[in-house]
Amino acid sequence: MKRKNRFLIMLSVLFLLLLTACSGSKESSSSEKPEGKKAEKEEVVEIKYFNWDADQTAINKIIADFEAKNPNIKVKSEVLIPGGSAVDNMTRMDVLMSAGEQVDVVSIPNVDQAVLRAANGMFEPLDDYFKKDKLDIKEEYLINAAYDGKVYALPHLTNYWYILLNKDHLDEAGLPIPEVGWTWDEFKEYATKLSKGEGKDKRYGVYFHTWGEYANPILFAEKEHPYMIDEKKSIFDDKSFDYWFELRRDLEKAGAIKPFSDVIGAELNYRTEFFNEQASMLMTASWTVADVGNVEKYPHDFKTAFAPMPRMSEDSPIGSTNVAGEFSAISKNSKHKEASYKFLKYVTGEGSQVRGLSSWKDADGEATINTMVAGKENYYDVDSLLHTLFNDEVKGAYTSDLAISYGNELKKNVLEAGFTKFMLDDISVKEAKEFMVEEANKIIEVNKK
């Protein structure tokens, strides 16, 4: 019995020695193949990029080019709501992130929406990544989305606001294409001279939409922040309101602009108002450059000219305009932040040129425009387009040094609401300003830190 036990013990020892030898053999074999460890380190990860580009052609090219340069990162494009409004897309994104879905990199339509979500802890701060890369972000991009001293989102598109003009209508009225430095008073003269006809055949000199940018474009083009003077005081008692609100009312009285009540009631499309020749001028932004040549979607046969944004007066800075952007950010809950950061840099940097006008300072904007208009030059006054976008005098006034999380509230509930009251309730500018200041103060008070 004892012999049997000794035998079993010996067998056990031999078995353990055999296992150790095999294990050592495997380790030796593994150490002889460093590529095995390298392959393990370069594990392929998949990140998801949520956006709302109905046409995924540009996105697919960006992803393909990025993956070719980064074979260990796969990017899956997830479309939120194709053709949906910015509000609908952001609502869906918020729901997905709250539900714990895999969200790595996301598109945001504007700086207000980006800062709001940064303040709510939804996005990853990027400053440590920049420091590691030795990047001076202000030297790399025209604009960024910062909050509380940290950058949370980078622009994948830059939008320069400008004026579209029907060149045929200008020629008919004997009006030259406006140059940088023209004023809103001159714009008013153009709108009046370009208006024509009555009733159903009425052609207005200009169409303005319902957004806050149309309620007072001077705030966006000439002020460092469109809603605030500093962290405690709003801008809604600014003298520009006296000038702009009266100018808008005068345009309506002169029949030079479609009545605001009609714009709201009919829920009009600003693009079709211009391309259907219901209006001779349209204040909009450079996301419409491609629309000018898209005659399948917007049938027309006239040539479009471009002019920089007018200024309030001869005393205002020359060339100041609203330079806005669409942004991308990394989700705070992403499990692949390093990979997401690599893609964020690419989609807002080198890759952004595929999508449209870039905010990346190394981008060749003129090459982008020439590609966009190639073969469709008969629909563009190309000289005025290039002069408007790439004139050294054209610059943005906005600075991210003052960033608030409630900008969208001020835009919707104060600026747009105040302008609507002025136009529809026939109140004075003074009364409208008092209303806006009061409403702004309520919002500022609620959002005090």
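Further up the page is the structure itself.
What you see is a predicted model, and the numbers here were worked out from it, not measured in a lab.

Chemist: Which residues make up the packing of helix α12 (residues 239-253) against helix α21 (residues 429-446), and what values do they have?
Modeler: The interhelical angle for the contact between α12 and α21, taken along N-to-C directions, is 125°, at an axis separation of 10 Å. Taken together, α12 and α21 sit at an angle that is classed as oblique. Crossing of α12 against α21: the hand is right-handed. In this structure, α12 contributes Phe 241, Asp 242, Phe 245 and Glu 246 to the contact, and α21 contributes Val 429, Ala 432, Lys 433 and Met 436. Its residues assigned to classes, the contact of α12 with α21 comprises five nonpolar, no polar and three charged.

Chemist: Could you give an account of the pattern of salt bridges, with specific residues and numbers?
Modeler: Counted by the stated rule, this structure contains 25 salt bridges. Residue Arg 355 pairs with Asp 53 through a salt bridge whose shortest N-O separation is 3.1 Å. Pair noted here: Arg 355 is in helix α17 (residues 352-355) and Asp 53 is in the loop between β1 (45-51) and α3 (57-69), with a separation of 302 residues, a long-range link. According to the relative accessible area criterion, Arg 355 is buried, its value standing at 14%. Notably, a salt bridge pairs Asp 94 with Arg 117, separated by 2.9 Å at the nearest N-O pair.

Chemist: If you had to explain helix α5 (residues 111-119) to someone new, which residues and values would you point to?
Modeler: Residues lying three or four places apart along an α-helix face the same way, a consequence of the helix completing one turn every 3.6 residues. For α5, a buried count of seven out of nine residues is recorded, marking the element as mostly surrounded by other parts of the structure. Residues Val 111, Asp 112, Gln 113, Ala 114, Val 115, Arg 117 and Ala 118 constitute the buried set of α5. In this structure Asn 110 caps α5, since a side-chain oxygen of it lies 3.2 Å from the backbone nitrogen of Asp 112.

Chemist: Go over the nonpolar core with me, naming the residues and quoting the values.
Modeler: Ranked by size, the top nonpolar core spans 54 residues in total, and within it Ile 163, Trp 184, Phe 208, Phe 236, Phe 245, Met 281 and Leu 410 carry the most contacts. Setting aside its immediate chain neighbours within four residues, Trp 184 contacts Phe 208, Pro 217, Ile 218, Tyr 243, Trp 244, Leu 247, Met 283, Met 309, Pro 310, Arg 311 and Met 312. Counting residues in hydrophobic clusters, the runner-up holds 50 residues, among them Leu 96, Leu 164, Leu 357 and Leu 386.

Chemist: I'd like to hear about the packing of aromatic side chains, residue by residue, with values.
Modeler: A full pass over the atoms with the stated rule returns 28 aromatic pairs. Taking the centre distance of 5.6 Å and the plane angle of 85° together, the rings of Trp 161 and Trp 287 count as edge-to-face. Remark: Trp 287 occurs in the loop between β6 (281-285) and α15 (289-293) and Trp 161 occurs in strand β5 (residues 150-166); sequence separation between them is 126 residues. Looking at Trp 287, the relative accessible area reads 27%, which means it is partly exposed. Directly above the ring of Phe 422 sits Arg 249, whose terminal nitrogen or CZ lies 3.7 Å from the centroid. Here Lys 421 stacks its cationic end above the ring of Phe 435, 5.2 Å away from the centre of that ring.

Chemist: Now, about helix α18 (residues 365-373): what can you tell me, with residues and values included?
Modeler: Burial in α18 covers these residues: Gly 365, Thr 368, Ile 369 and Val 373. Axial view of α18: buried residues confined to an arc of 120°, hence all on one face. Structurally, α18 contributes buried residues whose contacts are with α15, α17 and α19 (382-390). One or two positions beyond α18, positive phi appears at Gly 375, with a value near 85°.

Chemist: Give me the lowdown on the pairing of strand β2 (residues 73-79), citing residues and values where you can.
Modeler: Where β1 lies against β2, seven bridges are found, and the strand directions are parallel. Within β2, the residue paired with Val 45 across the bridge is Ile 73. Running through α3, the crossover from β1 to the neighbouring parallel element β2 is right-handed.

Chemist: How would you explain unusual backbone geometry if you had to name every residue and give the values?
Modeler: Positive phi values are uncommon outside glycine, yet Asp 148 reaches one of about 55°. Looking at where Asp 148 falls in the secondary structure, it is placed in the loop between β4 (145-147) and β5. Under the relative-accessibility criterion, Asp 148 is labelled exposed at 57%. In this structure, Asp 426 is a non-glycine residue whose phi angle is positive, near 55°.

Parameters at a glance
- Residues numbered from 1 in each chain as written.
- Predicted model: local features only at pLDDT ≥ 70, side-chain atom pairs only at ≥ 80, totals over all residues.
- Heavy atoms only, no water.
- Axes fitted to C-alpha atoms, helices over the stretch in contact; angles between N-to-C directions.
- Helix = DSSP H or I, 4+ residues; strand = E, 2+ residues; numbered from the N terminus.
- Parallel < 35°, antiparallel > 145°, perpendicular 65-115°, else oblique.
- Left-handed = near helix turned anticlockwise from the far one by under 90°.
- Contact = heavy atoms within 4.5 Å.
- Nonpolar A, V, L, I, M, F, W, Y, C, P; charged D, E, K, R; others polar.
- Salt bridge = Lys/Arg side-chain N within 4 Å of Asp/Glu carboxyl O.
- Buried < 20%, exposed > 50% of the residue type's maximum accessible area, 1.4 Å probe, protein only.
- Polar contact = N/O pair within 3.5 Å; in protein donor to acceptor, adjacent residues only side chain to side chain.
- Core = buried A, V, L, I, M, F, W, Y, C linked by side-chain atoms within 4.5 Å.
- Phe/Tyr/Trp six-rings, centres within 6.5 Å; stacked < 30°, edge-to-face > 60°.
- Lys NZ or Arg CZ within 6 Å of the ring centre and 35° of its normal.
- Arc of directions from axis to C-beta.
- Pairing = 2+ DSSP bridges.
- Right-handed = clockwise from strand over helix to strand, strands pointing away.

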